[in-house]
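Fold and contact review
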Amino acid sequence: MRTSTRRSHRLMALAAVAALTTGVLAGCSSDSNDTSSNSSGGTSKGKTTLTVGTFGVFGYKQAGLYDEYMKLHPNITIKEDVTTRTDVYWPKVLTRLQAGAGTDDIQAIEVGNITEAVQTQADKFVDLGKDVDKTQWLSWKNAQATTKDGKQIGLGTDTGPMAICYRKDLFKKAGLPTDRTQLANLWKGDWSKYADVGKDYMKKAPKGTKFVDSASSVYNAAIGGESQRYYDKDGNVIWDKSTGVKAAWNAAMDVATSNMSAKLKQFDPTWDQGFANASFATVACPAWMMGYIQEKAGDSGKGNWDVAAAPTAANWGGSFLGVPTASKHQADAVALAKWLTAPEQQEKVFAKQASFPSTPAAYPNLKPAAATTAYFSNAPITQIFSDSAKTIPVQTFGIKDQPIGTAITDVGILQVEQKGKTPAQGWSAATKEIKDVLGQ
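Residues numbered from 1 in each chain as written. Predicted model: local features only at pLDDT ≥ 70, side-chain atom pairs only at ≥ 80, totals over all residues. Heavy atoms only, no water.

**Remarks on the pairing of strand E4 (residues 155-167)**
Going by this rule: Using a 1.4 Å probe on the protein chains alone, a residue whose accessible area is under 20% of its type maximum counts as buried, one over 50% counts as exposed, and one in between counts as partly exposed. Every helix listed is a DSSP run of H or I at least four residues long, and every strand listed is a run of E at least two residues long, numbered separately from the N terminus. We treat two strands as partners when DSSP finds at least two bridges between them.
Counting buried positions along E4 gives 13 out of 13 residues, so the element sits mostly inside the fold. Where E4 lies against strand E8 (residues 315-322), 4 bridges are found, and the strand directions are antiparallel. The residue of E8 that forms the bridge with Leu155 is Leu321. In terms of strand pairing, E4 meets strand E9 (residues 356-357) through 2 bridges, oriented antiparallel. Bridged to Asp158 within E9 is Pro357. By the bridge criterion, 5 bridges tie E4 to strand E7 (residues 305-309) in an arrangement that is antiparallel. What sits directly across from Ala163, in E7, is Ala309.

**Quick notes on the pairing of strand E1 (residues 48-55)**
When you tally the buried positions in E1, you get 8 out of 8 residues, the bulk of the element. Burial along E1 is two-sided: the face carrying Thr48, Leu50, Val52 and Thr54 and the face carrying Thr49, Thr51, Gly53 and Phe55 are both buried. The pairing of E1 with strand E2 (residues 76-83) spans 8 bridges and is classified as parallel. By the bridge assignment, Val52 is partnered in E2 with Glu80.

**Observations regarding the pattern of salt bridges**
To keep things clear, this is the line we draw: Within this document, salt bridges are pairs made up of a side-chain nitrogen of Lys or Arg and a carboxyl oxygen of Asp or Glu, the two lying within 4 Å of each other.
On inspection of all chains with the given rule, the structure shows 12 salt bridges. One salt bridge connects Asp123 with Lys124, and the closest N-O pair in it is separated by 3.5 Å. Residue class for Lys124 comes out partly exposed when judged on its relative accessible area of 22%. Glu295 is paired through a salt bridge with Lys296; the nearest N and O atoms lie 3.5 Å apart. By sharing partners, the salt bridges in this structure join Asp272, Glu295 and Lys296 into a single network.

**Some details on helix H9 (residues 215-223)**
In an α-helix, one full turn covers 3.6 residues, which means residues spaced three or four apart are oriented alike. For H9, the tally of buried residues reaches 9 of 9 residues, placing the bulk of the element in the interior. Inspection of H9 places Ala215, Ser216, Ser217, Val218, Tyr219, Asn220, Ala221, Ala222 and Ile223 among the buried residues, and these make up the whole buried set.

**Overview of the environment of Asp81**
Of note, Asp81 is situated in strand E2. A relative accessible area of 26% means that Asp81 is categorised as partly exposed. C-alpha separation for the pair Asp81 and Ile106, spaced 25 residues apart in sequence, amounts to 9.7 Å.

**Re the nonpolar core**
Selection rule: Nine residue types can take part in a nonpolar core, namely buried Ala, Val, Leu, Ile, Met, Phe, Trp, Tyr and Cys, and a core is a set of them joined through side-chain atoms within 4.5 Å. The contact criterion used is simple: two residues touch if any of their non-hydrogen atoms lie within 4.5 Å.
Ranked by size, the top nonpolar core spans 77 residues in total, and within it Ile293, Trp305 and Ile408 carry the most contacts. If one sorts the elements of this core by residue count, helix H10 (residues 243-256) sits on top with 8 residues. Those residues in contact with Ile408, other than ones at most four positions away along the chain, are Tyr219, Tyr230, Val245, Trp249, Ile413, Ala430 and Ile434. Ile78, Tyr89, Ala117 and Ala333 belong to the second largest nonpolar core, which has 43 residues in total.

**Structural notes on the environment of Lys130**
Within the element layout of this structure, Lys130 appears in the loop between helix H4 (111-120) and helix H5 (139-144). In sequence terms Lys130 and Gln152 are 22 residues apart; their C-alpha atoms lie 8.1 Å from each other.

**Things to note about unusual backbone geometry**
Even without being a glycine, Lys263 presents a positive backbone phi close to 60°. By the secondary structure assignment, Lys263 is in the loop between H10 and helix H11 (269-276). Within the chain, Ser377 stands out as a residue other than glycine whose phi angle is a positive 55°. Residue class for Ser377 comes out buried when judged on its relative accessible area of 11%.

**Focus: the packing of H10 against helix H18 (residues 423-438)**
Stated precisely, the cut-off is as follows: Between N-to-C directions, angles span 0 to 180 degrees; the directions come from axes that are lines fitted to C-alpha atoms, helices contributing only their stretch in contact. Geometric relationships in this document are graded by angle, where less than 35 degrees denotes roughly parallel, more than 145 denotes roughly antiparallel, 65 to 115 denotes roughly perpendicular, and other angles denote oblique. Two helices crossing with the near one rotated counterclockwise from the far one by less than a right angle form a left-handed crossing, whereas a clockwise rotation gives a right-handed crossing. Only Asp, Glu, Lys and Arg are considered charged in this grouping, and only Ala, Val, Leu, Ile, Met, Phe, Trp, Tyr, Cys and Pro are considered nonpolar; every other residue, Gly among them, is considered polar.
H18 packs onto H10 with a crossing angle of 130° between their chain directions and a minimal axis gap of 11 Å. By the angle between their axes, H10 is oblique relative to H18. In this structure, H10 crosses over H18, and the sense of that crossing is right-handed. Residues Val245, Trp249 and Met253 of H10 lie in contact with H18, whose contacting residues are Pro423, Gly426 and Trp427. Residue composition of the contact of H10 with H18, grouped by class: 5 nonpolar, 1 polar and no charged.

Written as structure tokens, this is what we have:
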């Protein structure tokens, strides 16, 4: 699932405290007739209610996986605990982990948070690597969730290979090509070329529309294709010297300092409404975004959205499922986590909403749903995302990866895009916020 691009670390912490005080014990559901689990296969006696804590749209409910599992295990009831805002979700989970109470039986962990979870919260999670065939998952995916002493605290869900989703109806009205291959060639290899297409779009843009949803989305897509991010391989913070950050920042500034951005904050209600109103023509589109577009744009987007290769191969997002030790139903929760992340289930989620699996065994069988294919103008979705996934660079993540990225997007870029500050002023604001996050 998706990487968050949210507001400041301080607000995140406040949100977590508020969430804790209003319901710290709301997470681990337990029925009065439940007895403790007695095997790693999750064969509890009586009736057990398992809660699955997620952010955004994971696709398990939409693909009918919860219903399927409950039919296979009549003693299990599954309830999904969804936190819409990811900037609220992880701080809330951290607070509850530290309190030793209130966690869900299964907690989703976004890739931007996995290093923090591994380095500071590993003792709060069950080791899920003991009884699984680890070769089911991409080796680099397993490594992200594994401690130095070999404890694996999460099982991989999706990954986020990158494309560009675009409204071909708006492109046509703007006098631009609508063919996905032709567009991909126009911006291939450089996000500045993508911005050049945006400038051409704005010359004849349909009334009330912009080329792209936000400069922050361009930043996240661009940084997802850079091998050097915020930390080096030794765990040292290098964000201010990173060539990857500089390239992604410059790409975002191309957008922020022009008239091509709708200036929307991703995952806010106004952004959702932008999909419904067709107020922007393109969006940086990791595989998981396709399900989000279908849900938010609705029937009006069917056949109008299309998919083209992104300027560079990149990964944005991806998640894990972990089982907190605070769960009262550990064996049942572990069994469910294993089942939800198995290749067969990842295939079903992909078929429903194109979330790209982290299990290579699923790749030969990937078939997007007919409805999804039709929605996106019969684009060769599997090929586009597979081609991207094969050439994504290896990236190093650090313990404060997510708040550093959030400071750049929600403070630095926002200053330029929404408040009219210069790129230098935006960078200065981001720098101040990041130093606060790092305690410098």
